[in-house]
Every structure is written in structure tokens, then in C-alpha cells.
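Per-entry structural report
Residues per chain are reported as follows:
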Amino acid sequence: MSLSDRLSVFPRIHLTSLPTPLEYARNLSDFLGGPRIFFKRDDLTALAFGGNKTRKLEFIMADALQRNADVVVTLAGVQSNWARQTASAARRLGMDVVLVLEGTEPEHYQGNLLLNYLMGCELRFIDGITQEVEDKEIAGECPITGEVAEELRKKGKTPYTAPLGGATLLGNLGYVNAALELRQQVSGLGISADYLVLATGTGGTQAGLALGIELAQMKTRVMGLSISRHSRPKEEEISDLCNRTAEMLGVRNRQFRADDINVIYDYVGQGYAIATDEGIEAIKVVARTEGVILDPVYSGKAMAGVIDLVGRGVFKKDEDVVFLHTGGAAANFAYAEDLR
Ligand SMILES: *Cc1c(COP(=O)(O)O)cnc(C)c1O
């Protein structure tokens, strides 16, 4: 059975037009004087300014529809792109949205939070959520969103709890599919795509791509630049996601080990959602050379990594680097003070 046949078994709803463009970033490549850099423009997906969660949501929201959900509940950071894209998908499908946001309510609504407000989401701010609780939410145990869902059920609603970041096995399928899409584009352009570089948060996107690249028999090396964790065990988590997603697809002849997964931790800075000087510089470099807008939380930090790795000769002049633009630009408006 082909990979696309295996994927087609899973319910999926059309939420954006695909493929997203694969563009040669000529000016940036010339400016850096290293490899040829290409942008895979997943920032150009639909759902209230788009981003990498859209592909995940095509599978996740299909699941919600199958379960007759009328309200989606999810936990996220105050400036979460995941929350914004989930809200947009839910609204488009006629569902309500409850967002449990980590942190205190800001005085001024900006960026993603403002968009979530415009989409009429019910916003609940919760302070002091521990890493342990957050990990449980990512794993789908839902200590917090489960309680909200219970409360909604008592009111006669049919809630669907969508895990933080959309890092479910179903969500990963969106990026298994993206790998197939990329294979076609890469062969169409006749480039070698030696590396595929992206910002890694929960790791679901990287897992889907690593698995998809492998199953599509591409030689591209997938490199995740961590934007939250400072050290392992991200590799273990991602290889585990690869294996479980493969199993769900009925593929059993390939086992991923942590060593198969490449995550770099050098560009996180102080932590998740805290801008770094190098990330801000990278945003400006790309904006000024290509007119493309990255963001301070994810893609800017990842691009800071690309710039540094080019400088250190890790990517060679005769290599092709595909940078997955995962979106997130709406957050810039909430970081105006850091950016100027
Ligand atoms: C969520 C997000 C990521 C990280 O994706 P994961 O699948 O959680 O690793 C990267 N970039 C942007 C802009 C995002 O919103």
C-alpha cells in the first residue's frame, strides 16, 4: 500500500489549499553566502493567518466532527498560534471554543490573543501551570481541559479536548502528508533538499516530517531547532511519536531511535516565548532580504539557528536547505517593544 493510500484511510477535512509554495530565497542565500535556502511557506496556509497547526487540524477537526463535538477546548500560551488556528477552524465548522490560557490576563490584547477575542472564544486565564501538568496535557491526559470538558458536558454540550499544540498522532499525519508534498516539489524544482530545518516545540511537526521523509524515501535530513526545551529528551519523545504514528499508519518495518532524530538546543535563549537578540536579528534579516515575516517565538529563533549554522560551515555551499516557515507572524504585534 502506498503512503498516500495509508493516509487516505484517516478522515480529513479540507481547511486550506495545498500545496504551500516552495520558494527559492535568493536574496537571503546571497546575503548569507552559504547554501541555497528555500522557504516552504506553511505560513501561507489558511485559518486566521495560518501556520503549521492548520495541517494538523485537518485531521484533528475531522475527528472532532466524527464525535459530533459542538465545542473545542484546548490549553495554550496567551500568545499561542495553536489556540488561534484551532479557534479559526472551530468557528469555520460552526463550533464554540473555550481557550484555557496559561498566564495572567494582559491589560492590552494584542497579536493572537486579540484575534482569539475577535473570534469570540471564551478565554480563561490560569496562572502557575507546572511543566508536569503541561506534559500531561500534551500527552492527552487532560488534567485541566478535562475538567472544563466535564463542566461543559453537564451543561449538555459535546466538548472535544484538543491537546496542546495539536501534538497528537492524528495531528502528526498532517506533516507526514507534507513530506509527500515536499517530495513532489523538490523533484519538480530539481533541487537536492539536503536539509529540512524547522522550529520544534512539542515535536509533532518534526515527528510527522521525519516519518514522512523516511517513508517517502527521501534523503533529506530533518533538523529541529528547539524553541522551548534546553536539552534532551526531545529526541526520545519525537522518535516515540514517529513510531506510534507509523504504527497507526500500519507501517511496522521501521523503528526510530532517539539517535535518528536531530534536535539542536543552541537557540532557545532563556526559554519559550522569550525573544532572543539573535532571533530578532534573524527576523530583520529575512524581512529586509525577502520581505517575508518570521516571528520571535518560533521561526525567528529557528532562522537564527540557520544563520549561525551557515556561518559555522555546517551547511555547505553546494547544499540545499529547505526552511519550513511554520508561521506565527501574528505574535510580532505582541512583541513590538522587543522588536524595536
Ligand atoms: C506550534 C508552532 C511550532 C512548533 O510545532 P510543534 O509541532 O509543536 O513542534 C513552530 N512554529 C510555529 C509558528 C508554531 O506555531
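Further up the page is the structure itself.
Predicted model, so just to flag it, every value in this text is computed and none were measured.

For strand 4 (residues 96-102) and strand 5 (residues 122-126), the ladder comprises five bridges, and the chain directions are parallel. From the neighbouring strand, Leu101 faces strand 5, where its bridge partner is Phe125. Once you follow strand 4 into helix 5 (residues 111-118) and on to strand 5, the crossover reads as right-handed.

Turning to the site of the ligand, a few remarks are in order. With respect to spatial proximity, 15 residues lie near the ligand, and among them Lys53, Lys56, Thr202, Thr205 and Thr326 are the closest. One of the side-chain N or O atoms of Asn81 is found 2.9 Å from an oxygen atom in the ligand. Within the contact set of the ligand, an oxygen atom lies 2.8 Å away from a backbone nitrogen or oxygen of Gly201. For the ligand, the protein covers 98% of the area, taking 380 Å² as the surface of the free molecule. Put simply, the parts of the chain that give the shell around the ligand at least two residues each are helix 3 (53-66), strand 7 (195-200) and helix 9 (204-215). Of the residues belonging to the shell around the ligand, the class tally is two nonpolar, eleven polar and two charged.

Conventions adopted
- Residues numbered from 1 in each chain as written.
- Predicted model: local features only at pLDDT ≥ 70, side-chain atom pairs only at ≥ 80, totals over all residues.
- Heavy atoms only, no water.
- Pairing = 2+ DSSP bridges.
- Helix = DSSP H or I, 4+ residues; strand = E, 2+ residues; numbered from the N terminus.
- Right-handed = clockwise from strand over helix to strand, strands pointing away.
- Near = heavy atom within 4 Å.
- Polar contact = N/O pair within 3.5 Å; in protein donor to acceptor, adjacent residues only side chain to side chain.
- Areas by Shrake-Rupley, 256 points an atom, 1.4 Å probe, with all protein chains shown as cover.
- Nonpolar A, V, L, I, M, F, W, Y, C, P; charged D, E, K, R; others polar.

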